[in-house]
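Chain by chain, the residues:
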Amino acid sequence: MTRRLPQSNRAHNFRIVGTIRNETELNLDWQPLESKLLAAAAYLPPRRLLYLRFHSSEVYRYFTFPAEQYQDFLEAESQGRYFIAHIRNQFPYERLPRR
């Protein structure tokens with residue numbers, strides 16, 4: 001099996017991203033985003049789970065993401081810049097399988 005090398009156009013470092021193929025949340029309330037990087041976001045407050053869909057169609061799930069920070073993210077002037085500065089590589093996350 002060949003190891004997949006990180007690609008420079010990716011939002012994450014592949015060396016620390018895990019991909020699972022088990023549960024995915026149904027009925028997420030996706031909020032469309034006006035961003036060059038991100039297409040939509042969804043949040044599950046009771047479980048503190050942030051879901052981000054990129055324009056590449058990849059979906060990532062971030063764990064232990066605070067509800068107040070989700071509001072800051074939605075209200076940011078640029079969600080893409082907010083993601084890079086405050087979310088990417090700051091929380092445990094996984095890439096979800098494509099459907």
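**Student:** Which residues make up the packing of aromatic side chains, and what values do they have?
**Tutor:** Scanning the entire structure with this criterion turns up 11 aromatic pairs. Taken together, a centroid distance of 5.4 Å and an interplanar angle of 80° make the contact between F54 and Y60 edge-to-face. The buried category is assigned to F54, whose relative accessible area is 5%. Through a chain of ring-to-ring contacts, three or more aromatic side chains come together here, namely Y43, F65, Y70, F73, Y82 and F91. Here the guanidinium or amino end of R53 rests over the ring plane of W30, the centre of that ring lying 4.0 Å away.

**Student:** Kindly report on the pattern of salt bridges, identifying the contributing residues and their values.
**Tutor:** In total, this model carries 3 salt bridges according to the counting rule given. Note that R95 is salt-bridged to E58, the shortest N-O span being 3.6 Å. Of this pair, R95 sits in strand 6 (residues 93-96) while E58 sits in the loop between strand 4 (49-54) and strand 5 (59-62); the two residues are 37 residues apart in sequence, bridging distant segments of the chain. Residues R95 and E58 agree in their burial class; the two are buried. In this structure, the salt-bridge partner of E94 is R61, at a minimum N-O distance of 2.5 Å. With a gap of 33 residues between them, E94 in strand 6 and R61 in strand 5 connect regions that are remote in the sequence. An identical accessibility class is assigned to E94 and R61; each is buried. Each of E58, R95 and R98 takes part in one network of salt bridges that share partners.

Rules used in this analysis
Residues numbered from 1 in each chain as written. Predicted model: local features only at pLDDT ≥ 70, side-chain atom pairs only at ≥ 80, totals over all residues. Heavy atoms only, no water. Phe/Tyr/Trp six-rings, centres within 6.5 Å; stacked < 30°, edge-to-face > 60°. Buried < 20%, exposed > 50% of the residue type's maximum accessible area, 1.4 Å probe, protein only. Lys NZ or Arg CZ within 6 Å of the ring centre and 35° of its normal. Salt bridge = Lys/Arg side-chain N within 4 Å of Asp/Glu carboxyl O. Helix = DSSP H or I, 4+ residues; strand = E, 2+ residues; numbered from the N terminus.

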